[in-house]
Amino acid sequence: MTPALDIAVEHRLGNFLLDARFTADGGLTALFGRSGSGKTSLVNVIGGLIRPTRGRVVVAGETLVNTDRGIFVPKHRRRIGYVFQEARLFPHLTVRQNLLFGRWFARHHGHDGTEIANVLELLGIGHLLERRPAGLSGGEKQRVAIGRALLARPRLLLMDEPLASLDEARKAEILPYIERLRDEMGLPIVYVSHSATEVARLATNLVILDQGAVKASGPTAEVMSRLDVAMLPGAPEASAVLDAEVTALDPVHHLATLSTQAGRLFVSRPGLRAGARLRVRILASDVLLSLKPLEGISALNVLHGTIVEIGMERGTDGAAIDLRIDCNGVMLVARLTTKSVAQLGLKPGSPIYAVIKSVSVDAP
Amino acid sequence: MSDWLSPEEWTAVRLSLLVATTATIASLPIGIAIAFLLARGRFWGKSLLDALVHLPLIMPPVVTGYLLLIGFGRRGPIGQFLYDWFGIVLSFRWTGAALAAAVMGFPLMVRAIRLSIEAVDRKLEDAAGTLGASPLWVFLAVTLPLCLPGIVVGMILSFAKAMGEFGATITFVSNIPGETQTLPSAIYTFTQVPGGEAGAMRLTLISIAISVIALFASEAMARFVGRRIAIE
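Residues numbered from 1 in each chain as written. Chains lettered and ligands numbered in written order. Predicted model: local features only at pLDDT ≥ 70, side-chain atom pairs only at ≥ 80, totals over all residues. Heavy atoms only, no water.

Things to note about the pattern of salt bridges
Now for step 1: Tallied over the full model, the rule gives 28 salt bridges over all chains.
Now for step 2: Put simply, K39(A) and E161(A) hold a salt bridge, and the shortest N to O gap is 3.8 Å. Residue K39(A) is located in helix 1 (residues 39-47), and its partner E161(A) is located in the loop between strand 8 (156-160) and helix 5 (168-184); the two are separated by 122 residues in the primary sequence.
Now for step 3: Under the relative-accessibility criterion, K39(A) is labelled buried at 4%.
Now for step 4: For E161(A), a relative accessible area of 10% corresponds to the buried category.
Now for step 5: E86(A) serves as the salt-bridge partner of K123(B), at 3.7 Å between the closest nitrogen and oxygen. Of this pair, K123(B) sits in helix 6 (residues 122-130) while E86(A) sits in the loop between strand 7 (80-83) and helix 2 (95-105), placing the two residues on different chains.
Now for step 6: By relative accessible area, E86(A) is classed as partly exposed at 33%.
Now for step 7: Within this structure, E10(A), R54(A) and D68(A) form a network of salt bridges that share partners. (Salt bridge = Lys/Arg side-chain N within 4 Å of Asp/Glu carboxyl O. Helix = DSSP H or I, 4+ residues; strand = E, 2+ residues; numbered from the N terminus. Buried < 20%, exposed > 50% of the residue type's maximum accessible area, 1.4 Å probe, protein only.)

Next up, the structure:
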């Protein structure tokens, strides 16, 4: 199967060298890295805003850039949607005219799922049509910008930190729309972010960029639990990312039971519905390990697993070590002190009980 | 009105409006093109072009008029070419007055439009490109509407300059009643004959009235355009 995106480029910007290659399939591929790691340059290369010094960009089997063969498709013929950090709505047009701007140029590309009514409903912007961009809130602007990009019938959607300029409440307002976009539209998305929480919640696949190079790429849960990745400067703290389903609600103790591949988890979080599917993230620093099953402790969540990997000593004093634990095929990560690892005699293959102090649930 | 103004005076008013309107409208497309080149272009000789455009602002108007006479007169290189190929005569015609007015107002027009093009956010143009708009469409649908306030200001400045233009006009196309005698020339003529004070005063009042109306019109237009393009 042809990948949705296949890219291998080299681009020099002053002293900075971007030298990145990766492929992305459907779903949402997150580009994660510190500021200055080359994330935005990379999406600008994909979108056609930057002409790379060398390399190729292939989207859905069509070569858009190939410097060896002298191919460079200009941005207006790429059919790649781009949602910028600042919404970049046209101030002289109404919301309706903004939404229809790209639609008009894409009128020959036939019909697909991006019908206007669908997009308005998906993003909840139907009531804004006659307004002007100057009168919209930050979150509304960003939703209109997403709608505008979708209505141009793109075959790939680029999102460059679309939430970075918004406050927490506005982020929470937009995240569910991006999830629906990922799950309902079947449109491959490349999503730039430097927030581990956003990535853990949204990304199907994760690409870690540092100093212009790809340091790791793969399914989100795998990359986020990789111990070598966690050692990279600016990388997110090692964590487990689990897909979960709410199987029961206990109204007396305000607890929800989540069923995951690794086992049952209990979380106290208001607003969850029974049957809802969501993602949970468990940070390495929130996990304790025990050789025997524990009784009489306050933590509710204990999972059984096997140590598969013990990481390098980390931190300036080398006092902490990350361990990777296989819980029924799912990777959990724990951060212990060097001393604990030695005292418990932990090594790959040891059966272990993981005590989880807190589960962060990134869901509405 | 016609009782109050003599037919000759009335002709001068109409001719002035015709010359100024023609000068403004005819120079607008060239003005936008040059302004765009100066704002965005990177080419050899850009500062030379910039200087050339500004020349009429710096030189004495009489010098500009004389250069136009040399270049666009019947025996001038450009004038001869225009006559031989298109049958166009500029010297001592109202069209020549319009050319002189356009040249004198050109630097003002280009400057205003150039500044507004430079103020347009290039990021919006990039966004339009990713939505499928070709460079020409980006210019027509994004850049041009966004610099409309500057274009309006440039047109008003050019029109005002054309209404008041005297030195270059009288040097290039002389002062022929009914053909090249615009308001300033007519006022000048009145001041040169005994008993012309009343006529000069009437035309002066009309000049002032037209200027005030143009000013109000430009204010209204700028406000209308500004409301439409409330900057984000």
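We are not done yet, so read on.
Here's the deal with the environment of G33(A)
Residue and element names in this part refer to chain A.
Now for step 1: Residue position: G33 is located in the loop between strand 3 (28-32) and helix 1.
Now for step 2: Exposure remark for G33: the relative accessible area of 4% places this residue in the buried category.
Now for step 3: Along the backbone, G33 and K215 are 182 residues apart, and their C-alpha atoms lie at a distance of 9.8 Å.
Now for step 4: The contact partners of G33, leaving out residues within four places of it in the chain, are K39, S193, H194 and L209. (Contact = heavy atoms within 4.5 Å.)

A closer look at the sheet that holds strand 19 (residues 330-337) of chain A
All names here are of chain A.
Now for step 1: Pairing in this open sheet of 5 strands is antiparallel, and the strands run 16-20-17-18-19 from one edge to the other. Since the sheet does not close on itself, it has two edges, and those belong to strand 16 (287-290) and strand 19, each with one partner. Here the average twist between neighbouring strands, direction ignored, is 45 degrees.
Now for step 2: Here 6 bridges tie strand 17 (residues 301-314) to strand 20 (residues 351-356), and the two strands are oriented antiparallel to one another. From the neighbouring strand, G305 faces strand 20, where its bridge partner is I352. (Pairing = 2+ DSSP bridges. Axes fitted to C-alpha atoms, helices over the stretch in contact; angles between N-to-C directions.)

Concerning the interface of chain A and chain B
Now for step 1: On the chain B side, the residues contacting the 23 residues of chain A number 21 residues.
Now for step 2: Carbon and sulfur atoms make up 68% of the area that chain A and chain B hide from each other, which totals about 2100 Å².
Now for step 3: Broken down residue by residue, the surface that chain A buries against chain B is led by H76(A), P91(A) and H92(A), which jointly contribute 29%.
Now for step 4: Put simply, chain A and chain B have 2 salt bridges between them.
Now for step 5: Linking chain A with chain B are 2 residue pairs in polar contact (both at pLDDT 80 or more).
Now for step 6: Counting residues per element, the ones that place at least two in the side of chain A that touches chain B are strand 7, helix 2 and helix 4 (138-151) of chain A.
Now for step 7: Residue contributions to the side of chain A that touches chain B peak at 4 residues, all from helix 2 of chain A.
Now for step 8: Here the side of chain A that touches chain B is built from residues that sort into 14 nonpolar, 3 polar and 6 charged. (Buried area = accessible area lost by both parts, 1.4 Å probe. Polar contact = N/O pair within 3.5 Å; in protein donor to acceptor, adjacent residues only side chain to side chain. Nonpolar A, V, L, I, M, F, W, Y, C, P; charged D, E, K, R; others polar.)

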